Amino acid sequence: MTPVRLFGWRPTRWSRRPRGRHAVGAPQMTALVATIRRMS
Amino acid sequence: MPPSTARLTGRRQSGSTAVKIVVTGPLAAGKTTLIRTISEITVLSTEHNLTDETRSVKAQTTVGMDFGRITIDRELVLFLFGTSGQDRFDFMGEILGEGMLGYVLLVDGTQEETVSAAVPVLAAFRRMASVPFVVAVNRAGHLDPAAEAWLRETLDLAPEVPVIPCDATERSSVKAVLLALLYAVAGTLEPAEAPA
C-alpha cells in the first residue's frame, strides 16, 4: 500500500483547480479598469 | 451555485467574484511596498527578519506571501498577492498563481542584478501559466532606450510585453502598472468579450 493510500490522501481543492485565469469578461474588465483609474 | 462551479469562476461564498493579480520578482525589488501602496486594506504580510547573507540587502523579507485587496464593486473584488523573493519559497508562486488574471514582474532599476535574478522567476511563471504580464522597473524615473533594450534582451521579452518605469511608493505610479496589466489582459479577450 502506498503512503498516499495509507493516509487516505485525496486531491485537495487547490490541486484539483484548473491552471490559468478565472473566467472574466468585458464587464469585469471594464469595471476593473474604471475602478483603478478612479483611485486617488 | 454548486461548489464545483464556484471553484472555476472564483466566485466567493459572499456572492462576489474574486480576480487575482500576482506581484512577483527577485528579493528586494519592492513587491511588498507596491502592494501596500495600492491596497485598500492593511496588507496581510509575512515579513520576518533576515538571518542569512541577504541581510546586507535589507533587514526584513516576505517569508510566505503578501495579500492586498481592492474592491471593484459589490460583485467584484481584486486580490493582489505578492510572492516571496527568497528561492526557498518558490513553491508559493505556484500556489499564488493559480487562477491569476496576470502578473507583474517587478525589478529594481537601481540594482542591475535584480534583472538577472528575475530571469528564473519569470521562467517559472511562464511555465506555470500563459497569462499576460508586465515588467515594472522600480525606482526608475524613466527608462532610456538602451536600458530598456538590455532589459528586454536579458528577460527575453516579446515586443508586446509592456516595460514600465515605476515608483512602488507612489500610488499613481502603481496605478499605471496595474492599468498596463489590465489593458494587456483585455487585449487577450475574444473580440466579443473585449470592453468597448
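Coordinates for the structure precede this section.
No experiment lies behind these values; they were computed from the predicted model shown.

So, how was this worked out
Counting restarts for each chain, with residues numbered from 1 along the sequence as it is written. As a convention, the first chain written is A and the first ligand written is 1, with the rest following in written order. Owing to the predicted nature of the model, reporting of local features is limited to residues with pLDDT of at least 70; listing and counting of side-chain atom pairs is limited to 80 or more, with chain, interface and lining totals taken over all residues. Based on all heavy atoms of the structure, the side-chain values leave hydrogens and waters out of the count. Secondary structure elements follow DSSP: runs of H or I no shorter than four residues count as helices, runs of E no shorter than two count as strands, and numbering proceeds from the N terminus. Relative accessibility under 20% of the residue-type maximum defines a buried residue, over 50% an exposed one, and the middle range a partly exposed one, all with a 1.4 Å probe and only protein chains included. The contact criterion used is simple: two residues touch if any of their non-hydrogen atoms lie within 4.5 Å. Accessible surface is estimated by sampling points in the Shrake-Rupley manner with a 1.4 Å probe; for residues, cover comes only from the protein chains shown. Helix span, as expected, comes to 1.5 Å for every residue beyond the first.

(A) Seen up close, the overall build of chain B. Helices and strands together make up the secondary structure of chain B, namely six helices and seven strands. When the helices and strands of chain B are listed from N to C terminus, the series reads α-β-α-β-β-β-α-β-α-β-α-β-α. Split into buried and exposed, the 196 residues of chain B put 52% on the buried side. Of all intrachain contacts in chain B linking residues separated by at least 6 positions in sequence, the fraction that spans at least 24 positions is 67%. Here chain B has roughly 9400 Å² of accessible surface; of this, 54% comes from carbon and sulfur atoms.

(B) View of helix H4 (residues 112-128) of chain B. All names here are of chain B. The end-to-end C-alpha distance of H4, which contains 17 residues, comes to 25 Å, matching closely the 24 Å that a straight helix rising 1.5 Å per residue would cover. Along H4, the positions that sit buried rather than exposed are Thr-114, Val-115, Ala-118, Val-121, Leu-122, Phe-125 and Met-128. Those residues of H4 hidden inside the fold are in contact with strand S1 (17-24), strand S4 (76-83), helix H3 (90-96), strand S5 (102-108), strand S6 (133-138) and helix H5 (145-155).

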